Amino acid sequence: MLVGCGSGRETAAIHSSLTELERLAHTAGATVVDTVIQHRDAPDPGWMIGRGKVEELAQTVEEERIDLILFDRELSPVQLVNLERRIPCKVLDRTQLILDIFAMRARTKEGSLQVELAQLEYSLPRLAGRGREMSRLGGGIGTRGPGEKKLETDRRHIRRRIRDLKRELEGVRKHRRLHQHRRRKMDMIQVALVGYTNAGKSTLLNRLTGAGVKEEDRLFATLDPTSRFLDLPSGEKVLLTDTVGFIRNLPHHLVAAFRSTLEQVREADLLLHVVDGSHPEAMEQMKAVDQVLDDLGAGEVPVLTVFNKADREAGAILSAEGETIRISAYDADDRERLKEKIDQVLNAVQIHGSAEIPVSRGEMISNLYRAAEIVHTEVTDLTLKMEFRLPLRRYERMSPEMKSLIRKDI
């Protein structure tokens, strides 16, 4: 059973959110048999919904043999304890459900560590009074990951595990930074796919690069990031990375735990914001993605908005600030147009400049040849004079010593 709560002025938003919750429940393996909405101006601090509605739920659960209630809002520790004491079935909220799906989808060691950390940090303040639910054995939604490790046994053990997980993830983060530094030294262009879950990011990555990542018409079909090289029409090679999909009210525990994975979003040269252009709530989904990007500190990274699924019946008339393109990931011509657009956006801002580099500094000369389009060269006994056109993004990534030798004409 799904339960929504909000004021009468939010009816449309409540129904929309419950529709998404039903898809999440389906992704986790549940069958939804009933939906309940209570209109209240403010949540009950002890129960979320009114006491009378709680009694109705308890009676319905017994009559219809419901074994799981999903609340669309995050429940406080007190609300969760009270509801589980009164309602004779398992009670979860939206955050727990999303954490459970992430635990199911995680494939790599890093992904599993991140999900476990998020689950533990969410569960720790909610252990008191949950003896009945926490002592259950068996499978099902809400029992994946640390739920099977008897979280109620020892808070100190949980805190110790959290410290260990953070230490392990810090080691992964350092390893990732080394790879990031190596890519920067190689002047590798990084493009990250971001977007609302189920917008078609994995499909687009597969069609552009042949990556072979899992595609499903489900929320959070893929969790662990995948990177592949993409050749652009200009001959430039970029590293294209698919990232985890975002969602409205994405649990802050997950954002925090996945921050190391999502650092590549902040470090990217360009973000491809993939939008399901056929979705009736595409604009709201775009706002949710923008909010998460701001939370990650990636709000200043250049964005190309890709309105995907043009092969389906169009939804609302969509618009976005900055560069946009409308495509179908399944259309070969559209994919070529997208690659041309990526080329155009990456090289949109260029500087014309010149440099005088000592011929003894062969490495610096080679770096400039790789980064810029050389227009004219002139050799003296000890110096190579070069005129060139250079994308601004590459200039900004040059070393201070290299920048000191460049004179920007435009």
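Criteria and cut-off values
Residues numbered from 1 in each chain as written. Predicted model: local features only at pLDDT ≥ 70, side-chain atom pairs only at ≥ 80, totals over all residues. Heavy atoms only, no water. Helix = DSSP H or I, 4+ residues; strand = E, 2+ residues; numbered from the N terminus. Buried < 20%, exposed > 50% of the residue type's maximum accessible area, 1.4 Å probe, protein only. Contact = heavy atoms within 4.5 Å. Areas by Shrake-Rupley, 256 points an atom, 1.4 Å probe, with all protein chains shown as cover. Pairing = 2+ DSSP bridges. Expected span 1.5 Å × (residues − 1). Axes fitted to C-alpha atoms, helices over the stretch in contact; angles between N-to-C directions. Left-handed = near helix turned anticlockwise from the far one by under 90°. Nonpolar A, V, L, I, M, F, W, Y, C, P; charged D, E, K, R; others polar. Salt bridge = Lys/Arg side-chain N within 4 Å of Asp/Glu carboxyl O.

Below, the discussion takes up the overall build of the chain. Along its length, the chain carries 15 helices and 14 strands. Across the 410 residues of the chain, 51% fall into the buried class. Taking the intrachain contacts of the chain between residues at least 6 apart in sequence as the baseline, contacts between residues at least 24 apart amount to 68%. Accessible surface, the chain: about 19,800 Å² in total, of which carbon and sulfur atoms supply 48%.

Summarising the sheet, strand β11 (residues 350-358) and strand β13 (residues 383-391) pair through nine bridges and their orientation is antiparallel. The residue of β13 that forms the bridge with P358 is T383. Pairing of strand β12 (residues 373-379) with β13, which is carried by six bridges, proceeds in the antiparallel orientation. Of the residues in β13, the one forming a bridge with V379 is L384.

For helix α5 (residues 109-123), which comprises 15 residues, the first-to-last C-alpha distance of 21 Å matches the rise-based estimate of 21 Å (1.5 Å per residue) to within 8%. Buried residues dominate α5, accounting for twelve of its 15 residues.

Time to look at the packing of helix α1 (residues 11-28) against helix α4 (residues 94-105). At a minimum axis separation of 10 Å, α1 and α4 run at an interaxial angle of 35 degrees. As for the relative orientation of α1 and α4, their crossing is left-handed in sense. Residues S17, E20, L21, L24, A25, T27 and A28 of α1 touch α4, and the partners they reach there are R94, L97, I98, D100, I101, M104 and R105. Partitioned by chemical class, the residues of the contact of α1 with α4 number eight nonpolar, two polar and four charged.

In this section: the sheet that holds strand β3 (residues 68-71). Taken together, the four strands give an open sheet; going across it, the order is β2-β1-β3-β4, and neighbouring strands pair in parallel fashion. Looking along the sheet, the strands with just one partner apiece sit at the ends: β2 (35-39) and β4 (90-93). Strand-to-strand twist across the sheet, computed as the mean angle between neighbouring axes with direction ignored, equals 20 degrees. When strand β1 (residues 2-6) meets β2, the two strands line up parallel, connected through five bridges. Looking at β2, one finds that L2 is bridged to T35. Contacting β1, β2 and β3, α1 runs over the sheet at an angle of about 155 degrees to β1. Along the sheet, α4 makes contact with β3 and β4, crossing β4 at roughly 90 degrees.

For E263, the location among the structural elements is in helix α10 (residues 259-267). With a relative accessible area of 12%, E263 lands in the buried category. For the pair formed by E263 and A298, sequence separation is 35 residues and the distance between their alpha carbons is 8.7 Å. Leaving out residues up to four positions away in the same chain, E263 has contacts with R173 and R177.

A few words on the pattern of salt bridges. Scanning all chains against the criterion turns up 17 salt bridges. D72 serves as the salt-bridge partner of R94, at 2.8 Å between the closest nitrogen and oxygen. In this pair, R94 sits in helix α4 while D72 sits in the loop between β3 and α3 (77-86), placing the two residues 22 residues apart along the sequence. Like D72, R94 is buried. Of the charged contacts in the structure, one is a salt bridge between R248 and E281, with a shortest N-O distance of 3.2 Å. Pair noted here: R248 is in the loop between β7 (237-242) and α9 (252-257) and E281 is in the loop between β8 (270-276) and α11 (282-295), with a separation of 33 residues, a long-range link.

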